[in-house]
Amino acid sequence: MQFFLKLYFILSALLDGKRLLAIVKTPLGMCVSSIVLGAIMSLSIAPVEKWPFAVIALVFFMMQLYTCKFVPQVALLTLLFFGTYGTISLTWLNFVMEGFGQVPAVLSYIIIFGFSFAYVAAPYAFLNMVVFYFTQKKKSVYLLCFVPIAFILADYIIYYYLTGFPWLYAGYSCVEGPLKNYAPFIGVRGINTALYVLSAALALTALRKFLYLPIAAMILVVGVFLENIPQVEKLPTITASLVQANITQSVHNNAASANEIFSTYWNLTKPKIQNSKIVVWSESALPVDYYSSADLIGDLDTVFKSEKSDLVTGIFSSVQDKLYNSIVRIGNSADLAKDLPYQKRKLVPFGEIVPFEDYLRPLGSIFVIPNSSFSYGADDQLPVRIRDNKFIPAICYEAIFPEVISSMDSAETNGIIMVSNDSWFGPTQAPEQHLNIARMRAMELQKPMLRCTNSGITAYIDENGKVVDRLPQDQEGVLTVQFAPVKGQTFYSKYGTFTLFIIMLILLGFGIYGLKKKDDASKETLSKLIRP
């Protein structure tokens, strides 16, 4: 009993408001606080998936930045915040590295930690440090205008640098809530921007600068009023069946198991062909070369044509000694003599392609992952035509790149077909994270998506990013849905990131004006007196 009383008094002392604030303001306390806030930020995406956590974390982080006095301090706190966010959110990489690369668990976590801090967090830390150096004398201007600009630029670096890995954009936390409604107008990076400015305005309000509260309110209110504004027109529905075969990765990677894999897909598909106009199989569902398997492809084509149905499936295709991860159509709409497979345009580093492979592969099994010798597909490929509808094709990793998907969109495209093999992720949070990224792609273009995976999450996503129906993970099954194609084009699809550049210029303009404007000491003194 005496022990619990002592513990109670110790915790009471530590959690005392003034004492806690004093601890947080110490150098060590600020570092610990940034780590805690980064951990809170990770709760905004799967598996917890609560967008207010992103706002809470960013608001308190912005308040921290406001109190900073030194450039290295800003860099360190930003590195800790985004590094922690990345480390916790990407723990699923351990399953991939340990399970398929035979990397020891300790080493895999060290790699995740290093990747999160050196790749994910470093651009945010560096650019935030730069803008703080030039704007630190006007903290409000720094926080509201220049921190969002720095973070937007960091978002772009994460997108392009070393092939890119824009998996952890803050905007992916907003597939629910009012900010999601900005997607068809300014895309996920625009939502990132709205989140940064919203958090900065709320942070300044919490610091008794109430002039900025209307900015936060406006962002939220406008988001509410943008709810379900249609920019596309629905067309008659089509019956579609998505086949989730749940093939284990060890079988999937074994070329000798091709017949077993095909039998599983065929047995699940056969009862559905007659009543389905579109059947979708997952990424590399047929682990064979399209051009070397003419008999199999021809037989499938004959069967599907006889039922006036179309099959869209993942497959490999080889051209001039180059191997591609591909999608093909077979059946009613296909012309096998003329059709060209869609070839994946964005490959997974160290998964589908190994950079500097001549040097890295000899170093060990970590760099000898199955199916890691693919080539990049051309950028200028066409949508997949099924009957009178055009579909944007997407294979797995491509879905995390907004411009890769939107580059094939037009007023004539009617939907998105995404195939994936998320069994690489195992029982982790990654499949849910990947699904929410796919939902954002559907929201941006207001194009419904047929998302077919090997082991989950197979889903039908409507044009507003809502998951209409889905199959359970790690179970074989067929999801049959009434797919509603659309026609038309969103504002974001037409103008892409041009609008975001305009927003950045506006922030820059206000920022420069705020830096040049002289403070009125008397007004500031009066303002402090009348604030509650």
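Residues numbered from 1 in each chain as written. Predicted model: local features only at pLDDT ≥ 70, side-chain atom pairs only at ≥ 80, totals over all residues. Heavy atoms only, no water.

Chemist: Go over the nonpolar core with me, naming the residues and quoting the values.
Modeler: Among the nonpolar cores identified, the biggest contains 131 residues, and W92, L143, F151, W167, L179 and L450 are the most heavily contacted of them. Among the elements that line this core, the one with the most residues is helix 8 (residues 139-160), at 15 residues. Beyond its immediate stretch of four places on either side in the chain, L143 contacts M62, L65, Y66, P148, A200, A203 and L204. Ranked by size, the runner-up nonpolar core spans 23 residues in total, among them I247, W281, L286 and F304. (Core = buried A, V, L, I, M, F, W, Y, C linked by side-chain atoms within 4.5 Å. Buried < 20%, exposed > 50% of the residue type's maximum accessible area, 1.4 Å probe, protein only. Helix = DSSP H or I, 4+ residues; strand = E, 2+ residues; numbered from the N terminus. Contact = heavy atoms within 4.5 Å.)

Chemist: Please provide a residue-by-residue account of helix 10 (residues 213-225), values included.
Modeler: Across its 13 residues, helix 10 extends 19 Å between first and last C-alpha, which sits within 8% of the 18 Å expected from 1.5 Å per residue. The complete set of buried residues in helix 10 reads A216, I219 and G223. Viewed end-on, helix 10 has its buried residues packed into an arc of 60°, placing them on one side of the element. For helix 10, the exposed residues lying more than 90 degrees away from the buried face are P214, V224 and F225. On its buried face, helix 10 sits against helix 9 (183-206). (Expected span 1.5 Å × (residues − 1). Arc of directions from axis to C-beta.)

Chemist: Account for helix 4 (residues 52-67), with residues named and values stated.
Modeler: The first and last C-alpha atoms of helix 4 sit 23 Å apart over 16 residues, in line with the 22 Å expected at 1.5 Å per residue. Taken residue by residue, helix 4 has A54, V55, A57, L58, V59, F61, M62, Q64 and L65 as its buried positions.

Chemist: Now, about a nonpolar patch on the surface: what can you tell me, with residues and values included?
Modeler: A cluster of nonpolar residues, F491, Y495, F498, I502, L505, I506, L508, F510 and I512, forms a patch on the protein surface that exposes about 870 Å² of accessible area. Counting residues per element, the ones that place at least two in the nonpolar patch are helix 17 (491-495) and helix 18 (498-516). Of all the elements, helix 18 adds the most residues to the nonpolar patch, at 7 residues. As for its position among the elements, I502 is in helix 18. Assessed through its relative accessible area of 35%, I502 is described here as partly exposed. (Patch = residues over 30% accessible without salt bridge, like charges linked within 9 Å, V, L, I, M, F, W, Y side chains within 5 Å. Areas by Shrake-Rupley, 256 points an atom, 1.4 Å probe, with all protein chains shown as cover. Salt bridge = Lys/Arg side-chain N within 4 Å of Asp/Glu carboxyl O.)

Chemist: Describe the packing of helix 9 against helix 16 (residues 430-445), and please don't skip the residues or the numbers.
Modeler: Helix 16 packs onto helix 9 with a crossing angle of 140° between their chain directions and a minimal axis gap of 7 Å. Taken together, helix 9 and helix 16 sit at an angle that is classed as oblique. Facing A183, P184, G187, V188 and I191 of helix 9, the residues of helix 16 in contact are M440, R441, M443 and E444. Here the contact of helix 9 with helix 16 is composed, by residue class, of 6 nonpolar, 1 polar and 2 charged. (Axes fitted to C-alpha atoms, helices over the stretch in contact; angles between N-to-C directions. Parallel < 35°, antiparallel > 145°, perpendicular 65-115°, else oblique. Nonpolar A, V, L, I, M, F, W, Y, C, P; charged D, E, K, R; others polar.)

Chemist: Run through the packing of aromatic side chains, naming residues and quoting values.
Modeler: Inspection of every chain in the model, using the stated rule, returns 30 aromatic pairs. Considering the side-chain rings of F113 and F117, the 4.5 Å spacing of their centres and the 35° angle between planes classify their relative orientation as tilted. Of this pair, F113 and F117 both sit in helix 7 (residues 105-135), 4 residues apart, which is roughly one turn of the helix. F113 gets classed as partly exposed once you look at its relative accessible area, which sits at 46%. (Phe/Tyr/Trp six-rings, centres within 6.5 Å; stacked < 30°, edge-to-face > 60°.)

Chemist: Tell me about empty space enclosed by the protein, residues and numbers included.
Modeler: Within this structure, the stated rule accounts for 3 cavities of 30 Å³ or more. As a volume, the largest cavity reaches approximately 100 Å³. Together, 13 residues line the largest cavity, and F82, Y85, Y124, L168 and Y169 are the ones closest to its centre. Residues that form the lining of the largest cavity fall into these classes: 12 nonpolar, no polar and 1 charged. Roughly 60 Å³ of internal volume is contained in the second largest cavity. I45, A46, W167, Y172, Q433, N436 and I437 are the residues that line the second largest cavity. When the residues that make up the lining of the second largest cavity are grouped by side-chain class, the tally is 5 nonpolar, 2 polar and no charged. (1 Å grid on protein atoms, 1.4 Å probe; cavity = no way out; pocket = protein on both sides within 12 Å on 5 of 7 lines; lining within 4 Å. Points joined across faces, edges and corners; volume = space filled by probe spheres on them.)

Chemist: Report on the pattern of salt bridges, specifying residues and quantitative values.
Modeler: Tallied over the full model, the rule gives 12 salt bridges. A salt bridge links E227 to K180; the shortest N-O distance between them is 3.5 Å. Here the residue E227 occupies a position in the loop between helix 10 and strand 1 (232-234), and K180 occupies one in the loop between helix 8 and helix 9, the gap between them amounting to 47 residues. In this structure, D310 and R387 form a salt bridge, with 3.8 Å as the shortest nitrogen-oxygen distance. Taken together, the residues span a long stretch of sequence, with D310 in strand 5 (residues 310-319) and R387 in the loop between strand 8 (384-386) and strand 9 (389-395) at a distance of 77 residues.

Any functional reading would require information that these geometric values do not contain.
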